[in-house]
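Chains, contacts and geometry: an overview
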Amino acid sequence: YEGTRLGRQELNAEVLEDVEGALWNWDMIESLRFTDPPEHMDRIVVAVDPAGSKKKKNDETGIVVVGRSGDHFYVLADRSGHYSPNGWARAVMAAYDEFSADAVIAETNFGGEMVTSNLRAADSFPRIQEVNAKRGKALRAEPVVGQYERKLVHHPHDGLPDLESQMTEWV
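What comes next concerns the included structure. Source: prediction; values computed, not measured. Each chain has its residues counted from 1, following the order in which its sequence is written. Only residues with pLDDT of 70 or above have their local features reported here, since the model is predicted, and side-chain atom pairs are shown and tallied only from 80 upward, although totals for entire chains, interfaces and linings are computed over all residues. Only heavy atoms go into the side-chain values, all of them from the structure, while hydrogens and water stay out.

Only DSSP runs of H or I with at least four residues qualify as helices, and only runs of E with at least two residues qualify as strands; both kinds are numbered from the N terminus onward. Along the protein chain, the regular secondary structure elements total 6 helices and 6 strands. Element order for the protein chain, N to C, with α for helix and β for strand: α-α-β-β-β-α-β-α-β-α-β-α. This radius of gyration counts C-alpha atoms alone. The globule rule is 2.2 Å times how many residues there are, raised to the power 0.38. The C-alpha atoms of the protein chain give a radius of gyration of 16 Å, which matches the 16 Å a tight globule of 171 residues would have. The principal-axis extents of the C-alpha atoms in the protein chain amount to approximately 45 × 40 × 30 Å. Exposed residues in this analysis have more than 50% of their type's maximum accessible area, buried residues have under 20%, and partly exposed residues fall in between, with area computed by a 1.4 Å probe over protein chains only. Here the protein chain holds 171 residues, and the buried ones make up 41% of them. Entry remark: accessible area of the protein chain is about 10100 Å², with carbon and sulfur atoms responsible for 49%. Here the accessible surface of atoms and residues is derived via Shrake-Rupley with a 1.4 Å probe, and residues count as covered only by protein chains that are part of the display.

Now the structure itself:
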């Protein structure tokens, strides 16, 4: 249980409560964990929201691998971190290869064409779908939260501690 929410609670005696006002709560995640994802996925994507710098004071570059099987979504990996532009491009392409992804979904708000250019420099053949976020993060997160509320999003049994903490603590 080390490194999981249950471990924090049971091994480290932390009192863990939901954060009032957060879009996600722990029940949304805990109740739908999977041990093994479905053998067949209709689609697997690597999503990247690049940060401008690897400095610890800056936001992380968000890198998440998600698979879809029917109406259900499986969060397969979280590779987010503080990377240089070349570093996050290599991390995205490593996840793309590891999970045999169908596409990279790249948010281009911060960096524009640089995002696609970095990905192509790391690997000459990825399928890249660019998205440009026009609304705030909370508004963009609402449809995703809706999928969790409908019990259609699953996280691995052993957890994604950093991602899950960020999700359940962000107001």
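Right, picking up where we left off after that structure.
Of all the positions in helix H4 (residues 113-122), only Val-115, Thr-116, Asn-118 and Leu-119 are classed as buried. Take H4 and look down its axis: the buried residues cluster within an arc of 160 degrees, on one side only. Across from the buried face of H4, at angles greater than 90 degrees, the exposed residues are Glu-113 and Ala-121. The contact criterion used throughout is that any non-hydrogen atoms of two residues lie within 4.5 Å. On the buried face of H4, the contacting elements are helix H3 (85-98), strand E4 (103-107) and strand E5 (128-131). Picture the helix axis, draw a direction to every C-beta atom, and the arc is the one those directions span.

Moving on, we get to the packing of aromatic side chains. Note on aromatic contacts: the rings of Phe and Tyr and the six-membered ring of Trp form a pair at centre separations within 6.5 Å, being stacked when their planes are under 30 degrees apart, edge-to-face when over 60 apart, and tilted otherwise. Summed over all chains, the structure comprises 2 aromatic pairs. Each ring, one from Trp-24 and one from Tyr-148, has its centre 6.0 Å from the other, and the planes form 85 degrees; the classification is edge-to-face. Separated by 124 residues along the polypeptide, Trp-24 in the loop between helix H1 (5-10) and helix H2 (26-30) and Tyr-148 in helix H5 (residues 137-149) bring together distant segments of the chain. The residues Trp-24 and Tyr-148 share a single accessibility class, namely buried.

Following the sequence through the fold, Thr-168 ends up in helix H6 (residues 161-169). Counted as a polar contact is a pair of N or O atoms within 3.5 Å, where, for protein atoms, one must be capable of donating a hydrogen and the other of accepting one, and residues adjacent in sequence contribute only when both atoms are in side chains. Within the structure, the side chain of Thr-168 is placed 3.4 Å from the side chain of Trp-26, a separation counted as a polar contact. Apart from residues lying up to four places away in sequence, Thr-168 is in contact with Val-19, Ala-22, Trp-24, Asn-25, Trp-26 and Ile-29.

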